[in-house]
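Each chain is listed here by its residues.
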Amino acid sequence: MSQSRIAASFAKDSNRKLLVPYITAGDPNLDTTLDLMHTLVKAGADVIELGIPFSDPMADGPVIQAACERALKNNVTLVQVIETVKRFRETNNETAVVLMGYMNPVEILGYKKFAGLASEAGVDGVLTVDLPPEEADELVAELDAVGLDSIFLLSPTTPDSRVKHVCEKASGYIYYVSLKGVTGAANLDTAEVASKVEHIKSFANIPVAVGFGIRDAESAAAISVTADAIVVGSVLVSLVADHGDNPDQLHQSMFDTVNAMRLAMDETGAA
Amino acid sequence: MNTAVESVEGNLSQQYPDSRGHFGIYGGSFIAETLMDPVSELQEAYARYRLDNEFIAEFEWELKNFVGRPNPLYHARRMSEELGGAQIWLKREDLNHTGAHKINNTVGQALLARRMGKKRIIAETGAGQHGVATATVCARWGMECIVYMGEEDIVRQAPNVFRMKLLGAKVVPVTSGSRTLKDALNEAMRDWVGNVDDTFYIIGTAAGPHPYPAMVRDFNSVIGKEIKEQSLEHTGRLPDAVIACVGGGSNAIGAFHPFLDDKEVELIGVEAGGDGLETGRHAAPLSAGKPGVLHGNRTYLMEDEAGQIIETHSVSAGLDYPGVGPEHSWLKDIGRAKYVAATDAEALDATHKLCRIEGIIPALESAHALAYAMNIAPSLGTDKNIVVNLSGRGDKDINTLADIEGITL
């Protein structure tokens, strides 16, 4: 099998830290999501995390909960989210796309069918928040069979014995949750994150991304000193909440926010 | 299916769940990474203390002296005569301190939290019974108590909200999603993720990530153990059937578990049929749902075709939950327990009958179990004994009952 889009993104330029924006698919509708994906790429995104809306997003703060509710008002389904990736691939074959969500929609669709549809549509990796590696054997096997990466989380509470185990199981990248809390919480300690990321890197032979609590260019740049990639979500999803009914404003603010992070990260990298 | 039953025969009560909390394909630990560590800490603590003689002795002392156990297994003679068939026996969990079985579990988990050095307790509640039982044990042992409750339920269950506050708990309204029990559970999980170091989450039903389903079952198994002893004492034999209502299923699993290996005892769980299973407006995942993953475990759920959790309906707030404890899902699949539903109307009718015929006001939840017992008793011989777990008293429901009858209190 040829190199995956995720691996290729990380391999492209060893000085460039990857920027991984998250948006919830279908918020406020799937056409907007598709347009936003292209805007994110223009602003400097390397990988896009596309949220699968779920009725009970237990690991998410109020911002992403509200995004799920907006998407579900239009009955957005996992199959439709996958179809949106397929439409994205009509004009973009480089930017990796990771589906991020909760187990139940995947469970109901069926692991094999999900893996098949996702791979066919051009999805590159899958991250299910409420699926720890201990319960993941069957899904990982199906994803593996079609060449999709299984991305797992590590958190500040993960003991070393588990860090090792999770690193062995994960592919694509490791997603380090930078704080004890839900998405969008705001108590990030840059120095502590840096030392933890260094520590994880001693176990991992794949890149380490950091997310949860990164809200502006400054924090993105600071974390990117040690992390291989920066994930940013709630702050972008708030833009959709604020400007969802005004496409021009939405795309402009999305571009500005992401591009500012991109520039700050590049500057930090060059310094 | 038969093969599955064969292969698990003989040790149903001892062998399950497995070391990672699985009951067949159900149960497990489907949680975010941040919770894995506190959950393993809890697994280790529970595995240790459940076999610790001092812990067990203290738990039993509290059940006797604080909760008021054992409570009676009461022969409802007038009700039995009126029905003209099987003898109806009521397990009087309604006579426990705080008025329901919920206190059995909160006492157990509070003792565990104390041993683990956790001083901040969080809980979710629907009808408010688990919230009151949690606030009670927190007051009893001087622990901080935060209860998450759906905004909708706060309105429906105002007296219990006030009770919790009297006991010193902070009640946090949950405004996300459907603003009921499932959303309160989501919010409690979110609190836990943000406060893992000092916080113990007392889950109120036999669901959630391992070890909760087994732990909540074990703390409530005193119900089934007493039913067993008291049946032998009163009738010289085990009952022919044990019937309990099932929302999350904590009172039912507590009543059923000691009988799992007594195959001659029929175990029947009664879910909330709401307006009727055919209307879709109910809370009966075992009767009309399908397996999925929610709140840390794989189990039967009320969900749509895309895997979104759907809103439930029941006249009783305590049964208004889209999931169910994973052990019930397993007992259903292997055929050891049978699950049926009683509608709102049937439960209300049973409530009124028990009030008038036996002088006992049952909780609307428990009235579902009673309604099914009243359905089947007439067709059974007078020598048959049916135990109904009267899981709670109905004082909390008088506003609901009055509303239905158009009466302003």
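Being a predicted model, the structure only gives us computed values, none of them experimental.

(A) A look at the pairing of strand S14 (residues 385–390) of chain B. Residues and elements named next belong to chain B. Summarising burial for S14: six of the six residues are buried, a large majority. With burial as the criterion, each face of S14 is covered, one bearing Asn385, Val387 and Asn389 and the other bearing Ile386, Val388 and Leu390. Across six bridges, the pairing between strand S4 (residues 87–92) and S14 is parallel. In the strand pairing of S14, Lys91 is matched with Asn389. By the bridge criterion, three bridges tie strand S9 (residues 241–245) to S14 in an arrangement that is parallel. The partner of Ala241 across the bridge, within S14, is Ile386.

(B) Spotlight on the packing of aromatic side chains. All names here are of chain B. Evaluated as defined, the whole model comprises 13 aromatic pairs over all chains. Aromatic side chains Tyr16 and Trp330 sit 4.2 Å apart centroid to centroid with 35 degrees between the ring planes, which places their arrangement in the tilted category. Of the two residues, Tyr16 sits in the loop between helix H2 (12–15) and strand S1 (22–23) while Trp330 sits in helix H15 (residues 326–334), which places them 314 residues apart along the sequence. For the pair formed by Tyr16 and Trp330, the shared burial category is buried. Aromatic rings pair up to connect Tyr46, Tyr49, Phe55, Phe59 and Phe219 into one cluster. The ring of Tyr74 has Arg92 lying over it, and the distance from NZ or CZ to the ring centre is 5.9 Å. Its end group placed over the ring of Tyr300, Lys332 keeps NZ or CZ at 5.5 Å from the ring centre.

(C) Local environment of the interface of chain B and chain A. Taken together, the contact pairs 37 residues of chain B with 36 residues of chain A. Inspection of the chain B/chain A interface yields four salt bridges. Asp197 of chain B serves as the salt-bridge partner of Lys180 of chain A, at 2.9 Å between the closest nitrogen and oxygen. Taken together, the links from chain B to chain A amount to 23 residue pairs in polar contact (both at pLDDT 80 or more). A per-element tally of the side of chain B that touches chain A places helix H10 (residues 181–194) of chain B first, with eight residues. Within the side of chain B that touches chain A, the residues separate by chemical class into 13 nonpolar, 12 polar and 12 charged.

(D) Spatial organisation of the nonpolar core. Counting residues in each nonpolar core, the largest one holds 88 residues, and the members touching the most others are Leu112, Tyr201, Val242 and Phe256 of chain B. Counting residues in each nonpolar core, the second largest holds 69 residues, with Ala25, Ile52, Phe152 and Ile223 of chain A among its members.

(E) A look at the packing of helix H3 (residues 33–49) of chain B against H10 of chain B. Residues and elements named next belong to chain B. Remark: H3 packs on H10, axes separated minimally by 9 Å, with the N-to-C direction vectors making an angle of 80 degrees. Classed by the angle they form, the pair H3 and H10 counts as roughly perpendicular. Across the interface between the two elements, Thr34, Leu35, Pro38 and Val39 of H3 pack against Met189, Trp192 and Val193 of H10.

(F) The arrangement of the sheet that holds strand S3 (residues 73–75) of chain B in detail. Residues and elements named next belong to chain B. What the six strands build is an open sheet, ordered S3-S4-S14-S9-S10-S13; its pairing is mixed. For this open sheet the edge positions go to S3 and strand S13 (337–343), each flanked by a neighbour on one side alone. With direction set aside, neighbouring strand axes in the sheet form an average angle of 30 degrees. Taken strand by strand, helix H12 (residues 222–235) contacts S3, S4, S9 and S14, and its axis lies near 135 degrees from that of S4.

(G) Structural view of the pattern of salt bridges. Residues and elements named next belong to chain A. All told, the structure shown has 38 salt bridges over all chains when counted by the stated rule. Its salt-bridge partner being Arg262, residue Asp266 comes within 2.8 Å of it at the nearest N-O pair. Placement of the pair is Asp266 and Arg262 together in helix H12 (residues 247–270), with a separation of four residues, close to one helical turn. Through salt bridges with shared partners, a single network forms among Arg16, Asp46, Arg262 and Asp266.

Thresholds, definitions, all that
- Residues numbered from 1 in each chain as written.
- Chains lettered and ligands numbered in written order.
- Predicted model: local features only at pLDDT ≥ 70, side-chain atom pairs only at ≥ 80, totals over all residues.
- Heavy atoms only, no water.
- Buried < 20%, exposed > 50% of the residue type's maximum accessible area, 1.4 Å probe, protein only.
- Helix = DSSP H or I, 4+ residues; strand = E, 2+ residues; numbered from the N terminus.
- Pairing = 2+ DSSP bridges.
- Phe/Tyr/Trp six-rings, centres within 6.5 Å; stacked < 30°, edge-to-face > 60°.
- Lys NZ or Arg CZ within 6 Å of the ring centre and 35° of its normal.
- Contact = heavy atoms within 4.5 Å.
- Salt bridge = Lys/Arg side-chain N within 4 Å of Asp/Glu carboxyl O.
- Polar contact = N/O pair within 3.5 Å; in protein donor to acceptor, adjacent residues only side chain to side chain.
- Nonpolar A, V, L, I, M, F, W, Y, C, P; charged D, E, K, R; others polar.
- Core = buried A, V, L, I, M, F, W, Y, C linked by side-chain atoms within 4.5 Å.
- Axes fitted to C-alpha atoms, helices over the stretch in contact; angles between N-to-C directions.
- Parallel < 35°, antiparallel > 145°, perpendicular 65-115°, else oblique.

Shape is all these values report; function is a separate question.
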